[in-house]
Amino acid sequence: MSSIRRILTAVVLAGLVGGVLWWNWAGGAGGDPSAVRVRFWNGFTGPDGRTMLRLIQRFNQENADAHVLMQRMDWATYYNKLFVAGLGGRAPEVFVIHVANLPRFHRAGFIRPVDDLLAGRHPFDPNVLDASCWRAVEFGGRHLGVPLDVHPQGLYYNRRLFREAGLVDESGRARPPTTRGEFLDAARRLTRDLDGDGRPDQWGFAFTHVSNNFHTLMPQFGGDFFDAGAGRCTLDDPRNVEALRFGVELIHTHRVAPNPEDVEAWIGFRQGKVAMVFDGVYMLQALLRQKDLDFAGAPVPRIGRRPGTLADSHTLCLYRGLDGRRLEAAWRLVRFLSDHSLEWAGGGQVPVRPRLRGTPEFAAMPVQSQFARQVPYLNYPPRVPFLFEFRSEFGLAVERALRGRAPAAESLAAATKNVQRVIERDREIFGRPAEAGP
Amino acid sequence: MSPRSRIGRWSGWLFVAPYLVLFGAFILLPVFFGLGLSLFRWEMLSPLAPKLVGAANYREALSDEYFWKAMRATGLFVVMAVPLTVLLAMSIALGLASLDRRRALYRAAYFLPVMINISVAGILWRWFFNSEFGLFNAYLAKVGLKVPWLTDPAVAMPSVVLMSLWWHVGGPVVILLAGLKQVPETYYEAAAIDGAGPWRQFVHVTLPLLKPVLLFVVVMNVIGSFQVFGQTFIMTRGGPELSTRVLVQYIYESAFNFYRMGYSAAMSWLLFVVIAAFAAVQFFLLRER
């Protein structure tokens, strides 16, 4: 018995030692010792992470003088870790930040603007990017990074339910609504009581993520969340109230949407019990894996006065204080990833280059290409460092109204007051408006 | 002093040293660091250095409506979860103790959920609880009922308590069962000879002898319940309408979403004071006379 154990121990130890030696030999620990090491952190832990890893491997092969080490963490952990690393001066050379989070990282002062690099040794023409996305990363006249993609919210709809309700075009294909009238008509026809108990068990529409859903709807009605300098919260704007009232009416007047179920509405959509939802293009991968769901994507219908949808972009950022070869290699990586963003789109994103979106490869991605039609009128989240506080108040106000616990105007007014208090606190601590950088 | 007795004097410390090092580094140090932190205004978003502000963070917490809302949600959970857990665990333990066969099997069955990770248990129950498509309402629909388990602010917290009972009642059961086994059989025989029925045996023999174990279970449950986080965070994210946003979640959000470190540390210390006060009262009430 003991001799068997001894042999087993020896085998395991030998295996470990051999493994470590092989890994070193194979270059896993760093490759060419003279190569510049570039650390690249991101939150791509899903299938998108594998796409990114392939791109990084290719970069490493093509660039012998640089070696990129990529590290992935789930977004929540990632942001905290990145933030603390940044404060401690140990942030990676290149990292990914959502545009929504740019203001807080900008304020903390560890993003290096890229403007001086655009015309440098590895020139980069920002005109190849969509103007709206390039504008979204501009703060105080400087650009804080290069947007890699854009992920807009869009309309997902169940084609089978549409066909059953007769919502089809002349060739018999499911036809998604594009206007308020069409949307309401479709929602009514898709809300059905299948078992005859007097309660609908198939819904025309459901709110998935109330905060995101109304972030999409309110700007359509023309409302803003803050005034120009982000010194005053304008959530209680009558146009925002109007948008929220529309949502309340969907549930309580038209009865075409169930009470807010948060993530569960999404399950309902996947089960075929909800015909339409608004959600992000990043939800696509989960739907594609589900073979029994006949779904498609379309732009969010124009419900208010103008088209619009919430969007965000993964932005490639550089850490402050980079110089010499490290800066050069890090920038080369950023450029490389931006140039290859069509491959990246295969992971479920929309490239921010109109030319790439015009390619047959992109046209063959049915949902991405539909959602991409909204690029001309995207709405990014408000540019404030206290976005979490804002979202928490915003979500609460929307929820209260949708549940019928307070009128839309009243719940938005209460949230406005609370956000205003956060603004005052912020001003008191920092002594300057929110949007100004360090 | 002989070398032997000198070793004897230090051997106790040597035995606890490994734990003491970890306890010091990961519990004591952070606790006091947190106390210091709570006196500073430290907004991580700011490039400005942390600033000593004295009790300002505590004053802010005490006048923060969300702090009190979170405190109320936490209190509601404690008030519902602790008595129910103890009562249920006691009943199950008594039932198990009276079993002649297959006790280990049933004990394991009750203990099994304790070993399930809260993320798994939380997601599982979130699906059970789903109003439109969940398991519970699928059965209740047969009798014409539809419970808004996690979607109604008045029902959400009781639902969380229900899930918590299932999830962690097994721990106290095992402890109480061990306690019950410690009560000598002869006491029951003597009580029976004196004419005591099962109820009087329970009140006059079991309960008094079980008091130290019961105290332990109650105190641990109160402490654990005040720190409730996983269940609500996974199942409701604090909703609907913040009705289940407990204090630990608010502290977490203040620290890691809003990056307000000093303020979060102050709220953590307020929670600590509340827990310590409750634990002290319980020790006092249930102490050996």
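Note that the structure is a prediction, hence the values are computed from the model and not measured. (Residues numbered from 1 in each chain as written. Chains lettered and ligands numbered in written order. Predicted model: local features only at pLDDT ≥ 70, side-chain atom pairs only at ≥ 80, totals over all residues.)

Caption draft 1: Highlighting the overall build of chain A. From N to C terminus, chain A includes 18 helices and 15 strands. Here the C-alpha radius of gyration of chain A, 25 Å, is about what a compact globule of 438 residues would show, namely 22 Å. Seen along its three principal axes, the alpha-carbon backbone of chain A occupies a region of about 70 × 65 × 50 Å. Summarising the internal contacts of chain A: among those between residues at least 6 apart in sequence, 75% fall at separations of at least 24. (Helix = DSSP H or I, 4+ residues; strand = E, 2+ residues; numbered from the N terminus. Rg over C-alpha atoms; globule rule 2.2 N^0.38 Å. Contact = placed C-beta atoms within 7 Å.)

Caption draft 2: Representation of the overall build of chain B. Within chain B, the regular secondary structure consists of 13 helices and two strands. A principal-axis box enclosing the C-alpha atoms of chain B has dimensions of 80 × 75 × 30 Å. Summarising the internal contacts of chain B: among those between residues at least 6 apart in sequence, 68% fall at separations of at least 24.

Caption draft 3: Geometry of helix α8 (residues 170–182) of chain B. Residues and elements named next belong to chain B. Given a rise of 1.5 Å per residue, 13 residues ought to cover 18 Å, and the 19 Å separating the end C-alpha atoms of α8 matches this to within 8%. Among all positions of α8, only G170, P172, V173, L176, L177 and G179 are buried. Considering only its buried residues, α8 is in contact with α3 (65–97), α4 (103–111), α7 (153–168) and α10 (198–226). (Expected span 1.5 Å × (residues − 1). Buried ≥ 20, exposed ≤ 12 C-beta atoms within 10 Å, placed from the backbone.)

Caption draft 4: Spotlight on the domain arrangement of chain A. Residue and element names in this part refer to chain A. The domain architecture assigned to chain A consists of domain 1 (34–148 + 313–339) and domain 2 (153–310 + 380–430). Placing a centre on the C-alpha atoms of domain 1 and another on those of domain 2 gives a separation of 32 Å. Each partner contributes to the interface: domain 1 provides eight residues, whereas domain 2 provides seven residues. Tallied by class, the residues present in the side of domain 1 that touches domain 2 amount to five nonpolar, one polar and two charged. (Domains from an automatic or database assignment. Nonpolar A, V, L, I, M, F, W, Y, C, P; charged D, E, K, R; others polar.)

Caption draft 5: Local environment of the interface of chain B and chain A. The partner chain A presents 25 residues to the 17 residues of chain B that form the contact. The residue makeup of the side of chain B that touches chain A, split by class, is eight nonpolar, six polar and three charged.

Caption draft 6: Focus on helix α12 (residues 324–339) of chain A. Compared with an ideal rise of 1.5 Å per residue, which puts 16 residues at 22 Å, α12 of chain A spans 23 Å between its outermost C-alpha atoms and is within 8% of the ideal. For α12 of chain A, the full list of buried residues reads A329, A330, W331, R332, L333, V334, L337 and S338 of chain A.

Caption draft 7: Region of the structure containing the packing of helix α8 (residues 210–220) of chain A against helix α9 (residues 238–252) of chain A. All names here are of chain A. Between α8 and α9, the least distance of the axes is 8 Å, while the angle of their chain directions is 125°. Taken as axis vectors, α8 and α9 run oblique relative to one another. Considering how the two elements wind past one another, α8 and α9 form a crossing that is right-handed. Contacts between α8 and α9 pair F214, L217, M218 and Q220 from the former with N240, A243, L244 and G247 from the latter. In the contact of α8 with α9, the residues fall into five nonpolar, three polar and no charged. (Axes fitted to C-alpha atoms, helices over the stretch in contact; angles between N-to-C directions. Parallel < 35°, antiparallel > 145°, perpendicular 65-115°, else oblique. Left-handed = near helix turned anticlockwise from the far one by under 90°.)

Caption draft 8: Broad picture of the confidence of the model for chain B. All names here are of chain B. For chain B, mean pLDDT is 90; residues scoring 70 or higher make up 97% of the total. When pLDDT is averaged over each helix and strand of chain B, the minimum, 87, is found for helix α1 (residues 3–37) and the maximum, 95, for α3. The complex prediction reports pTM at 0.83, with the ipTM value standing at 0.77. (pLDDT = per-residue confidence, 0-100.)

Caption draft 9: Just the confidence of the model for chain A, in detail. Residue and element names in this part refer to chain A. The predicted model of chain A averages 89 in pLDDT, with 92% of residues at 70 or higher. Mean pLDDT across the elements of chain A ranges from a minimum in helix α1 (residues 2–25), with 65, to a maximum in helix α7 (residues 180–190), with 97. Note that pLDDT drops below 50 for residues 24–30; the model gives that stretch five contacts with residues more than four away or on any other chain.

Caption draft 10: Examining the pairing of strand β2 (residues 66–72) of chain A more closely. Residues and elements named next belong to chain A. As paired elements, strand β1 (residues 36–42) and β2 share seven bridges and run parallel to each other. Its bridge partner being in β2, W41 is matched across the sheet by Q71. Where the polypeptide runs from β1 across helix α2 (residues 47–62) and back to β2, its parallel neighbour, the crossover connection is right-handed. (Pairing = 2+ DSSP bridges. Right-handed = clockwise from strand over helix to strand, strands pointing away.)

Caption draft 11: Here's a closer look at the environment of H340 of chain A. Residue and element names in this part refer to chain A. Inspection of the secondary structure assignment puts H340 in the loop between α12 and α13 (341–345). Classification of H340 by C-beta neighbours within 10 Å gives partly exposed; the count is 18. C-alpha of H340 to C-alpha of L55: the two residues are 285 residues apart in sequence and 7.9 Å apart in space.

Caption draft 12: Seen up close, the pairing of strand β8 (residues 149–158) of chain A. Residue and element names in this part refer to chain A. For β8, the tally of buried residues reaches ten of ten residues, placing the bulk of the element in the interior. As defined by bridge partners, β8 adjoins strand β12 (residues 309–312) across two bridges and the pair is classed as antiparallel. Looking at the pairing, H151 lines up with D312 of β12. Bridge analysis of β8 against strand β10 (residues 274–280) gives five bridges, and the strand direction is antiparallel. Bridging from a neighbouring strand, Y156 pairs with V277 of β10. Across four bridges, the pairing between β8 and strand β11 (residues 295–298) is antiparallel. Looking at the pairing, L155 lines up with A298 of β11.

Caption draft 13: Geometry of the packing of α4 of chain B against α8 of chain B. For the pair α4 of chain B and α8 of chain B, interaxial distance at closest approach is 8 Å and the crossing angle is 145°. Of the residues in α8 of chain B, those in contact with R107, Y110 and F111 of chain B of α4 of chain B are G170, V173, V174 and L177 of chain B.

Caption draft 14: Looking closely at unusual backbone geometry. Phi at R255 of chain A takes a positive value of approximately 55°, unusual for a residue other than glycine. We classify R255 of chain A as partly exposed; it has 16 C-beta atoms within 10 Å. With phi around 55°, Y259 of chain B is a residue other than glycine that occupies positive phi space. A residue is classified by how many C-beta atoms lie within 10 Å of it, and Y259 of chain B, with 23 of them, is buried.

Caption draft 15: Here's a closer look at the environment of D48 of chain A. All names here are of chain A. The residue D48 is located in helix α2 in this model. Exposure remark for D48: the 22 C-beta atoms within 10 Å place this residue in the buried category. Sequence separation between D48 and Y282 is 234 residues; the distance between their C-alpha atoms is 9.5 Å.

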